[in-house]
Amino acid sequence: RESLKIGEDTANEYEDNCVDEDRFWWNKRLYDHMSIFDISEDPWKVRLIRGCIIQEEIFLGSTLMNVTLISRKATLMNGITDTGIDDDGSVANFTETEQIIEVDKNIFSFFMVRGSVP
């Protein structure tokens, strides 16, 4: 049985398949300048997110469960200087959170998004 692993292979596969994930890339502006001078950013690229990843093994009675919580906050409309909603539909404090529970060979996922629109 193979448990959920968050590692380099998973991150590379995710990055290859992601769409519009720049909205969570907090240090993207540092790499924008490299393209101006035609420098490949790939050897230097480290995507930083504002969020957390927590993975724990817990027992429910005698059953072992792997619980993973992934949460990340978008870079647009940070909620400090920008509030509400803009013309593109971005909202302040946009956050994605996913809870993944693995029991035996079954994987359950609950995905939630939130944002602030006063």
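Above this text sits the structure in question.
In this report, the structure presented in the accompanying data block is examined. (Residues numbered from 1 in each chain as written. Predicted model: local features only at pLDDT ≥ 70, side-chain atom pairs only at ≥ 80, totals over all residues. Heavy atoms only, no water.)

Describing the pairing of strand β4 (residues 106–116)
Both strand β3 (residues 92–103) and β4 contribute to a ladder of 10 bridges, which runs antiparallel. Within β4, the position partnered with Thr97 by the bridge is Met112. Connecting β3 to the antiparallel partner β4 that follows it, the hairpin turn spans 2 residues, and Asp104 within it adopts a positive phi of roughly 55°. (Pairing = 2+ DSSP bridges. Helix = DSSP H or I, 4+ residues; strand = E, 2+ residues; numbered from the N terminus.)

Considering the sheet that holds β3
Here 4 strands make up an open sheet; going across it, the order is β1-β2-β3-β4 and the pairing antiparallel. The open sheet has two edge strands with one neighbour each: β1 (50–60) and β4. Shown here is a sheet whose adjacent strand axes are inclined to one another by a mean of 10°, direction ignored. Looking at chain direction, strand β2 (residues 63–73) and β3 are connected through 9 bridges and run antiparallel. Opposite Met65, over in β3, you have Val103 as the bridge partner. (Axes fitted to C-alpha atoms, helices over the stretch in contact; angles between N-to-C directions.)

It is worth stressing that arrangement in space is one thing and function is another; only the former is reported here.
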